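If you want the building blocks of each chain, they are given just below.
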Amino acid sequence: MYVGRVPGFTAVGKAHTGAEARRVLDRTPVDLLLLDLHLPDVHGLQFARSLRAAGHQADVIAVTSARDLAVVREGVSLGVVQYVLKPFTFATLRDRLTRYAEFRAAVGEASGQDEVDRALGALRAPSPAALPKGLSAPTLERVTVALRESAQGLTAAALAETVGISRITARRYLEHLVEAGTAGRSPLYGQVGRPELVYRWGRGR
């Protein structure tokens, strides 16, 4: 769903295991593979290594919760051009895909070191955007995880209890996610008094 929202990118297949992914890649050429490192039947880097040995040249963006920098270094040697850490927002993936497209668009012969640096620099993520005053990145990550894991959505009160913050603080984080376009909200009717808002992950537009 996220990939389809980024201009210039089309998801041509999906797979839930390494074996299934291999079958898809054998019959469908792709430029870029979004690869979870923790597949049910094989580690993602082992899978990437087997692809290289078989002659597949697709670039790889690793999607993972792993934060081991040794894994990151190993991935670089196997054609992993970017890492996206879970949980992530649409904005994060869109940024990585856009930067990858800029990198791929660089063609011809470089005029000098500066042009080479610019081409490689397209893959580097920018410094994280500053959060609104009073919001912290660790708490935002906890809020994001809680919201993503709730299929029915959460009210500010329910989120506050889940994460261990005040209801007012919970509402501030939820509204930040709505403004960022990664969550949506709708009123919860059927109760006495003013309807409460329910927030859901991935519904923002």
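For the structure, check the block above.
Residues numbered from 1 in each chain as written. Predicted model: local features only at pLDDT ≥ 70, side-chain atom pairs only at ≥ 80, totals over all residues. Heavy atoms only, no water.

A.B. asks: How do you make sense of the environment of Tyr83 when you look at a structure like this?
C.D. replies: For Tyr83, the position within the fold is in strand E3 (residues 80-85). Taking the C-alpha atoms as reference points, Tyr83 and Arg67, separated by 16 residues in sequence, lie 9.9 Å from one another. Discounting chain neighbours no more than four positions away, the residues touching Tyr83 are Leu37, Leu45, Ala62, Thr64, Val71, Val72, Gly75 and Arg96. (Helix = DSSP H or I, 4+ residues; strand = E, 2+ residues; numbered from the N terminus. Contact = heavy atoms within 4.5 Å.)

A.B. asks: What is the right way to look at the nonpolar core in this model?
C.D. replies: Buried together is how nonpolar side chains tend to be arranged in soluble globular proteins. Membership of the largest hydrophobic core comes to 32 residues, with the highest contact counts inside it found for Leu97, Val143, Leu147 and Leu159. Of all the secondary-structure elements, those providing two or more residues to this core are strand E2 (59-64), helix H4 (90-105), helix H6 (137-148), helix H7 (156-163), helix H8 (167-179) and strand E5 (196-201). Element by element, the count of residues in this core is highest for H8, at five residues. Excluding its chain neighbours within four sequence positions, the residues that come into contact with Leu147 are Leu154, Leu174, Leu177, Ala183, Tyr199, Arg200 and Trp201. (Core = buried A, V, L, I, M, F, W, Y, C linked by side-chain atoms within 4.5 Å. Buried < 20%, exposed > 50% of the residue type's maximum accessible area, 1.4 Å probe, protein only.)

A.B. asks: Mind showing me how you'd approach the packing of aromatic side chains here?
C.D. replies: The description of two aromatic rings rests on the distance between their centres and on the angle between their planes. Under the counting rule described, the total for this entry stands at two aromatic pairs. Judged by centre distance (6.3 Å) and plane angle (65°), the rings of Tyr2 and Phe88 are edge-to-face. Of the two residues, Tyr2 is situated in the segment before helix H1 (18-27) and Phe88 in the loop between E3 and H4; the sequence distance between them amounts to 86 residues. Taken individually, Tyr2 and Phe88 each receive the classification buried, so the pair is uniform in this respect. An angle of 55° between the planes, with centres 5.3 Å apart, marks the rings of Tyr2 and Phe90 as tilted. One end of the pair, Tyr2, is in the segment before H1; the other, Phe90, is in helix H4, and 88 residues separate them in sequence. You'll find Tyr2 and Phe90 in the same group, each marked buried. Counting every residue linked through ring pairs, the aromatic cluster contains Tyr2, Phe88 and Phe90. If you follow Arg5 out to its NZ or CZ, it ends over the ring of Phe90, 3.9 Å from the centre. Lying over the aromatic face of Phe88, Arg148 brings its terminal NZ or CZ to 5.9 Å of the ring centre. (Phe/Tyr/Trp six-rings, centres within 6.5 Å; stacked < 30°, edge-to-face > 60°. Lys NZ or Arg CZ within 6 Å of the ring centre and 35° of its normal.)

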